[in-house]
Amino acid sequence: MAVALEVADSGGPGVPLVIVHGLLGSADNWRSHVKHWSQQRRVIAVDLRNHGRSPHADGMSYEDMAEDLADVITGSGADKVHLLGHSMGGKVVMSLARLYPDLVASLMVADIAPVAYEHRHDSVFAALRAVEASAPKDRREADELMAAHVEDKPTRMFLATNLVRGEGNVLCLRVNLDAIEGSYKDIMAEPAGQGPIRVPSIVIRGSRSDYVADARLAAVREVLPEASLETLDAGHWLHTEKAKEFQQCIDRFLEPLA
């Protein structure tokens, strides 16, 4: 069953741009980018299942999430869209381009390759479970709980975007951590579908991230043979670390397209 996704929809001319966040992210993380790009075109920022304001559901396979995204696109009334996905969202948009090619005008993939990755989120899950178990009263207390598992402050700030006020006025998780951990093997897997994706494409990677290291470029070219490559002086969250430069990369890519 397709899950109805929460959409932040901004009006504008031309082919719409659909933004898909990464693991433990949300559409809220893209507000400044939505504001920028909505000056030129319609922008739809999506909360994937079990994230943000979207419903919780069993299963996080790329087939499932691509179907969810296809439902959003067809429900928006658009014939085709430009797709931008970061990290897990990049695999979602590649999956959609393979499974629903008629919906895709172009593809922008941010710091992810179409490969299976090793387990790398144990400390992150432990940090969120610590918050879940302790029900902190404020964000300072939540940060102290997460710091026992995640040393990097920017990472903890990112994780804190998943905290909301719940019953008893304490902080709780809005992500469905049970479903995410239960489907972690699927999330780390390759995108769904088969074969190369032949649409205008760009891959933007962070030089201080290993997600699209040089050793993975052959896999990128196999799946995205028409993609150009941009490298920013940033880590995995390149769209926040180098927001202006990231926007400029997308602007240059989209400028000659409808």
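To start, this report covers the structure provided alongside it. Because the structure is a prediction, the values reported are computed rather than measured. (Residues numbered from 1 in each chain as written. Predicted model: local features only at pLDDT ≥ 70, side-chain atom pairs only at ≥ 80, totals over all residues. Heavy atoms only, no water.)

**Brief notes about the packing of helix α2 (residues 62-76) against helix α3 (residues 88-99)**
Okay, step 1: As a packed pair, α2 and α3 sit with axes 8 Å apart at the nearest point and diverge in direction by 75 degrees. Here α3 runs roughly perpendicular to α2, going by the angle between their axes. Counting all contacts with α2, which are made through Tyr62, Glu63, Met65, Ala66, Leu69, Ala70 and Ile73, the residues of α3 involved are Met88, Lys91, Val92, Val93, Ser95, Leu96 and Leu99.
Okay, step 2: Within the contact of α2 with α3, the residues separate by chemical class into 11 nonpolar, one polar and two charged. (Axes fitted to C-alpha atoms, helices over the stretch in contact; angles between N-to-C directions. Helix = DSSP H or I, 4+ residues; strand = E, 2+ residues; numbered from the N terminus. Parallel < 35°, antiparallel > 145°, perpendicular 65-115°, else oblique. Contact = heavy atoms within 4.5 Å. Nonpolar A, V, L, I, M, F, W, Y, C, P; charged D, E, K, R; others polar.)

**As for the nonpolar core**
Okay, step 1: Val18, Leu24, Leu69, Leu83, Leu96, Leu107 and Leu159 are the most contacted members of the largest nonpolar core, which has 62 residues in total.
Okay, step 2: The dominant element in this core, judged by the number of residues it contributes, is α2, at seven residues.
Okay, step 3: In this structure, Leu17, Trp37, Leu84 and Cys249 belong to the second largest nonpolar core, which totals 21 residues. (Core = buried A, V, L, I, M, F, W, Y, C linked by side-chain atoms within 4.5 Å. Buried < 20%, exposed > 50% of the residue type's maximum accessible area, 1.4 Å probe, protein only.)

**Digging into the packing of aromatic side chains**
Okay, step 1: One pass over the full model with this rule turns up five aromatic pairs.
Okay, step 2: Ring centres of Trp37 and Phe246 lie 6.5 Å apart, and the angle between their planes is 55 degrees; on these two criteria the pair is classed as tilted. In this pair, Trp37 is assigned in helix α1 (residues 31-37) and Phe246 in helix α11 (residues 243-254), connecting sequence segments 209 residues apart.
Okay, step 3: Among the residues examined, Phe246 registers a relative accessible area of 0% and is labelled buried.
Okay, step 4: Centroid distance Phe125 to Tyr184: 5.4 Å. Interplanar angle 80 degrees. Geometry classified as edge-to-face. One end of the pair, Phe125, is in helix α4 (residues 122-134); the other, Tyr184, is in helix α8 (residues 184-187), and 59 residues separate them in sequence. Each member of the pair, Phe125 as well as Tyr184, carries the same accessibility label: buried.
Okay, step 5: Through pairs of rings, three or more aromatic residues link up here, namely Trp30, Trp37 and Phe246.
Okay, step 6: Over the ring of Tyr211 we find Arg120, and its NZ or CZ is 4.3 Å from the ring centre. (Phe/Tyr/Trp six-rings, centres within 6.5 Å; stacked < 30°, edge-to-face > 60°. Lys NZ or Arg CZ within 6 Å of the ring centre and 35° of its normal.)

**A word on the pairing of strand β9 (residues 227-232)**
Okay, step 1: Sheet analysis places strand β8 (residues 201-206) next to β9, joined by six bridges and oriented parallel. Bridge assignment links Ile202 to a residue of β9, and that residue is Ser228.
Okay, step 2: Tracing the backbone out of β8, into helix α9 (residues 217-223) and back to the parallel element β9 gives a crossover that is right-handed. (Pairing = 2+ DSSP bridges. Right-handed = clockwise from strand over helix to strand, strands pointing away.)

**Points about the side chain of Arg42**
Okay, step 1: Relative to the helices and strands, Arg42 resides in the loop between α1 and β3 (43-47).
Okay, step 2: Note on Arg42: relative accessible area 17%, which makes it buried.
Okay, step 3: In terms of polar contacts, Arg42 uses its side chain to reach the backbone carbonyl oxygen of Ser76, at 3.1 Å.
Okay, step 4: In this structure, Arg42 is in contact with Asp9, Ser10, Gly11, Gly12, Pro13, Pro16, Leu17 and Ser76, ignoring residues within four places of it in sequence. (Polar contact = N/O pair within 3.5 Å; in protein donor to acceptor, adjacent residues only side chain to side chain.)

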